[in-house]
There are 2 protein chains.
Amino acid sequence: MNLEHIAKLSGVSRSTVSRVINNEPSVTDTTRERVLEVIQRLNFQPNVVARSLAGGRTRVLGLVIPMGVARLFTDPYFPIFIQGVTSACNAHDHSMMLWLAEPEYERRMINQIVNAGLIDGVIISSSLIDDSLIDSLIGDNLPFVLIGRHPTNASINYVDVDNRESARQVVNHLLRKGRRRIATITGPQNMIAGLDRLEGYLIGLREWGLIPDPELIVDGSFSEEGSYLAVNRLLSRPIDAIFAASDTMAVGAIRAVREAGYRVPEDISVVGYDDIPLAAHTVPPLTTIRQPTQKMGALAVETLIDIIENPGLPPRRIILSTELVIRESD
Amino acid sequence: MNLEHIAKLSGVSRSTVSRVINNEPSVTDTTRERVLEVIQRLNFQPNVVARSLAGGRTRVLGLVIPMGVARLFTDPYFPIFIQGVTSACNAHDHSMMLWLAEPEYERRMINQIVNAGLIDGVIISSSLIDDSLIDSLIGDNLPFVLIGRHPTNASINYVDVDNRESARQVVNHLLRKGRRRIATITGPQNMIAGLDRLEGYLIGLREWGLIPDPELIVDGSFSEEGSYLAVNRLLSRPIDAIFAASDTMAVGAIRAVREAGYRVPEDISVVGYDDIPLAAHTVPPLTTIRQPTQKMGALAVETLIDIIENPGLPPRRIILSTELVIRESD
DNA sequence: CTGAAAGCGCTTACAG
DNA sequence: CTGAAAGCGCTTACAG
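This section reports on the structure supplied with the text. This structure is a prediction, so every number in the text was calculated from the model and none was measured. (Residues numbered from 1 in each chain as written. Chains lettered and ligands numbered in written order. Predicted model: local features only at pLDDT ≥ 70, side-chain atom pairs only at ≥ 80, totals over all residues. Heavy atoms only, no water.)

All names here are of chain B. This model, assessed by the stated rule, comprises 42 salt bridges over all chains. Ionic pairing is found between Glu 4 and Arg 14, a salt bridge with its closest N-O pair at 3.3 Å. Taken together, the positions of Glu 4 in helix α1 (residues 3-10) and Arg 14 in helix α2 (residues 14-21) put the pair 10 residues apart, joining distant regions of the chain. Note on Glu 4: relative accessible area 35%, which makes it partly exposed. Measuring nitrogen to oxygen at the nearest pair gives 3.9 Å for the salt bridge that ties Arg 181 to Asp 213. Here the residue Arg 181 occupies a position in the loop between α8 (163-176) and β6 (182-186), and Asp 213 occupies one in the loop between α9 (192-207) and β7 (217-219), the gap between them amounting to 32 residues. (Salt bridge = Lys/Arg side-chain N within 4 Å of Asp/Glu carboxyl O. Helix = DSSP H or I, 4+ residues; strand = E, 2+ residues; numbered from the N terminus. Buried < 20%, exposed > 50% of the residue type's maximum accessible area, 1.4 Å probe, protein only.)

So, on to the protein's contact with DNA strand D. In the neighbourhood of DNA strand D, 25 residues make up the surrounding shell, with Thr 16, Arg 19, Thr 28 and Thr 31 of chain A together with Ser 18 of chain B lying closest. In DNA strand D, atoms within 4 Å of the protein come 59% from sugar and phosphate. Those elements that provide at least two residues to the surface near DNA strand D are α2 (14-21) and α4 (48-55) of chain A together with α2 and α4 (48-55) of chain B. Of the residues belonging to the surface near DNA strand D, the class tally is 9 nonpolar, 12 polar and 4 charged. (Near = heavy atom within 4 Å. Nonpolar A, V, L, I, M, F, W, Y, C, P; charged D, E, K, R; others polar.)

Moving on to the sheet that holds strand β8 (residues 241-244) of chain B. All names here are of chain B. In space, the 4 strands of this open sheet follow the order β7-β6-β8-β9, with parallel pairing throughout. If you trace the sheet from one side to the other, it starts and ends with β7 and β9 (269-271), each paired once. The sheet shows a mean angle of 20° between the axes of neighbouring strands, taken without regard to direction. Sheet topology note: the β6/β7 ladder contains 3 bridges and is parallel. Across the sheet, Thr 186 pairs through a bridge with Asp 219, a residue of β7. (Pairing = 2+ DSSP bridges. Axes fitted to C-alpha atoms, helices over the stretch in contact; angles between N-to-C directions.)

Turning our attention to α4 of chain B. Every α-helical turn comprises 3.6 residues, leaving residues that sit three or four positions apart pointing alike. All names here are of chain B. Considered for burial, the residues of α4 that qualify are Val 48, Val 49 and Ser 52. Down the axis of α4, the smallest arc covering the buried residues is 100°, so these residues share one side. Exposed residues pointing more than 90 degrees away from the buried face of α4 are listed as Ala 54 and Gly 55. Between a side-chain oxygen at the N-terminus of α4 and the backbone nitrogen of Val 49 the separation is 2.7 Å; the capping residue is Asn 47. Once α4 ends, the next one or two residues include Gly 56, with phi positive near 75°. (Arc of directions from axis to C-beta. Polar contact = N/O pair within 3.5 Å; in protein donor to acceptor, adjacent residues only side chain to side chain.)

Attention now moves to the sheet that holds strand β8 (residues 241-244) of chain A. Residues and elements named next belong to chain A. If you walk across this open sheet you meet the 4 strands as β7-β6-β8-β9, and the pairing is parallel. Here the strands that pair on one side only, and so sit at the sheet edges, are β7 (217-219) and β9 (269-271). Strand-to-strand twist in this sheet, taken as the mean axis angle between neighbours without regard to direction, amounts to 20°. Across 4 bridges, the pairing between strand β6 (residues 182-186) and β8 is parallel. Each bridged residue has a counterpart across the sheet, and for Ile 182 the counterpart in β8 is Ala 241.

As a further point, take unusual backbone geometry. For the peptide bond that leads from Val 264 of chain A to Pro 265 of chain A, omega is 5°, which places it in the cis range. Take Pro 265 of chain A: it is sitting in the loop between α11 (247-259) and β9. Residues Val 283 of chain A and Pro 284 of chain A are joined by a peptide bond in cis, for which omega reads -10°. Note that Pro 284 of chain A resides in the loop between β9 and β10 (288-290). The phi dihedral of Ser 221 of chain B falls on the positive side, at around 55°, and the residue is not glycine. Mapped onto the elements, Ser 221 of chain B comes out in the loop between β7 and α10 (224-234).

In this structure the tally under the stated criterion is 0 disulfides over all chains. Looking at the unpaired Cys 89 of chain A, the closest cysteine sulfur is the one in Cys 89 of chain B, lying at 18 Å. The exposure class assigned to Cys 89 of chain A is buried, which follows from its relative accessible area of 2%. (Disulfide = S-S within 2.5 Å.)

Here the focus is the packing of aromatic side chains. Any two aromatic rings considered together are summarised by their centre-to-centre distance and by the angle between their planes. Considering all chains together, one arrives at 4 aromatic pairs over all chains under this definition. Look at Tyr 77 of chain B and Phe 78 of chain B: their rings are 5.1 Å apart centre to centre, the planes differ by 90°, and that puts the pair in the edge-to-face class. Per residue, the accessibility class of Tyr 77 of chain B equals that of Phe 78 of chain B, and both read buried. Pairing Tyr 77 of chain B with Phe 81 of chain B gives two aromatic rings, centres 6.1 Å apart and planes at 5°, and the pair type is stacked. With Tyr 77 of chain B and Phe 81 of chain B both in helix α5 (residues 77-91) and 4 residues apart, the pair spans about one turn of that helix. Here Tyr 77 of chain B and Phe 81 of chain B have matching classes, each one buried. Taken together through their ring pairs, the aromatic side chains of Tyr 77, Phe 78 and Phe 81 of chain A make up a single cluster. Over the ring of Tyr 228 of chain B we find Arg 255 of chain B, and its NZ or CZ is 3.8 Å from the ring centre. (Phe/Tyr/Trp six-rings, centres within 6.5 Å; stacked < 30°, edge-to-face > 60°. Lys NZ or Arg CZ within 6 Å of the ring centre and 35° of its normal.)

The next point concerns the side chain of Asp 247 of chain A. Residue and element names in this part refer to chain A. Within the secondary structure, Asp 247 sits in helix α11. A polar contact of 2.6 Å, which involves the side chain of Asp 247, links it to the side chain of Thr 288. What Asp 247 contacts, discounting residues up to four positions off in sequence, is Gly 272, Tyr 273, Asp 274, Asp 275, Ile 276, Ala 279, Leu 286 and Thr 288. (Contact = heavy atoms within 4.5 Å.)

Turning next to helix α12 (residues 293-309) of chain B. All names here are of chain B. Taking 1.5 Å per residue as the helical rise, α12 with its 17 residues ought to reach 24 Å, and the 25 Å between its terminal C-alpha atoms agrees with that figure. Summarising burial for α12: 12 of the 17 residues are buried, a large majority. The complete set of buried residues in α12 reads Thr 293, Met 296, Gly 297, Ala 298, Leu 299, Ala 300, Val 301, Thr 303, Leu 304, Ile 305, Ile 307 and Ile 308. Looking at the buried side of α12, the elements it contacts are β1 (60-66), α5, β3 (121-124), β4 (144-147), β5 (157-161) and β11 (317-320). (Expected span 1.5 Å × (residues − 1).)

Lining the immediate environment of DNA strand C, one finds 25 residues, of which Ser 18 of chain A together with Thr 16, Arg 19, Thr 28 and Thr 31 of chain B sit closest. Counting only the atoms of DNA strand C within 4 Å of the protein, the fraction contributed by sugar and phosphate is 60%. Here a phosphate oxygen of DNA strand C and a side-chain polar atom of Ser 18 of chain A are 2.3 Å apart. In this structure, Ser 15 of chain B approaches DNA strand C through a side-chain N or O atom, which is 2.7 Å from a base nitrogen.

All names here are of chain A. Topologically, Glu 224 is positioned in helix α10 (residues 224-234). Of the residues examined, Glu 224 reaches a relative accessible area of 12% and is grouped as buried. Looking at Glu 224, its side chain comes within polar contact range of the side chain of Arg 255, at 2.8 Å. Beyond its immediate sequence surroundings of up to four residues, Glu 224 is in contact with Thr 248, Val 251, Gly 252 and Arg 255.

What follows is about the pairing of β5 of chain B. All names here are of chain B. Burial analysis of β5 places 5 of its 5 residues in the buried class, which makes it a mostly covered element. Alternating residues of β5 divide into Asn 157, Val 159 and Val 161 and Tyr 158 and Asp 160, and every residue in both groups is buried. Relative to β5, β4 runs parallel, the two sharing 3 bridges. The residue bridging Ile 147 from the neighbouring strand is Val 159, located in β5. Sheet topology places β5 next to β11; 4 bridges connect them, and they run parallel. Bridge pairing in β11 links Val 161 to Leu 320.

And the structure:
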């Protein structure tokens, strides 16, 4: 079943059927109705592939998540984010193609993405700073939006949350609670979220005239286990609070703190970041930063479609605000 | 840049370039080398869309996960499974398209999947029993494989683990440890994994001549919270063990048990299913069934490609074995 | 072993 | 407002 088929049955040409399908205004209402009736009766679905080849647009969006990101395997952040992307794709009549970028295939994949013409644009989540994929995309003029701002290139479209501001707010909150020896478990420093959350922590301390102690800054790589190990090391020094750059790391931190015989929050406060579903159910329930994860996914899709349909406009740089959710870990 | 372009530069016809790209044997080595040299020099990538339209095959596979499955948001099972699918797609030069099936869009989506010609086949994960998508797929002759066996239709291809046998094994293990009042937290009974794990539990009890007590069977809907609530209800009766049909539910069970003042495993054993990464790190570490989640994803892809390339062969029904991992929750 | 040509199912100037 | 025709970039009989 194809356009020709529908055309014959409704007594018009293939061109007209195409126009009806694409909602072009230049069709009589009566003609339109006649054609639509046939389309519906036959439950006709135009062939996406042919449409793409002729029209130069596939209505398929790529979502790239670097696999190196170990988070993926344990952090509920991703499913929630992906859900936001998928819903928005559905709502805008697009499809989503997921790529988990494995290093071994990366080169071939970049090529596929950029040159094969399968997709109209790309969303890159949790990209590493200076990801070579970004350069490829720029070089080949394929529209893309980043989740997380780009530190240097101002012409790149992105959707992000205000990581620095919210981290600063966490530190501020802890300081107001009387904490003074605040440690932080950071994410990888080659990811913008890792970088910015650390910077916010530093800003927060300095605002209160405190000098950050490098020994209280340890890397947890956005993983539960990484954080657990980091906090074990940390506990040899006197600390009274921990800001973990993700809830998953906060969970690891709490585990380490309690195993060492300290109480949360009486001895050591623990604050996280993300507000994943689990955060409300840890013991004690986690104070954390709520970020609109699902909304970021949806906004990324909408921004990308906008860029595809309106090239040449100035870059969109969208920063969403967050919210400090105070529960019982302090 | 297209075939014509490459053809001109290497002094052959478009047809020959196509043959080289598709590795057809009927090309002289010298011709082949000449063409390949040009392709590599220009880093040429054939247009996937045109290829699909002409060849009738897109090399794109769809992965459908019903969103109703609340698990998705909290259960690490999915990222691991998706990772298996993606890797296998890469390895076999295919791409993967992810659909999270939202009820509201479902009808349109089925149409898209089945009729738009965008994909060569579909993998359905965690499908509900009697999912209407399955009927659509059968009706339209689109190749597909299920994760989880189909209870009635023997002609359907699937990859599954032996849920019944492994659940039976868990019960057997607990009975050998001297437990006699064994409760189970089940998954939804409209999912084959939920169904089969319950059945295995029943078989295990009966093997020892025990009569299952309906009051010890409660639904946890494959979620942490669902399980927590279910176990709260359960604790009014004297029980000495809980078999949770997923690790995520086991975590909820442990939480409820401990909050009620009982010890795990001294008072109540808790055994899970899945062996997610967290299972080794719960307090106490979880005894559970390890299933080859990633491998299931990869096998589903390979099976699907096989079906696409060799239609008409008898249905593949693949059952993978599992492993009881004994840790400290008993 | 290779090339010329038809065809995959659409879109889109162009002409009327 | 509508149709005939060219074209998107490939694959694949067919002929030689």
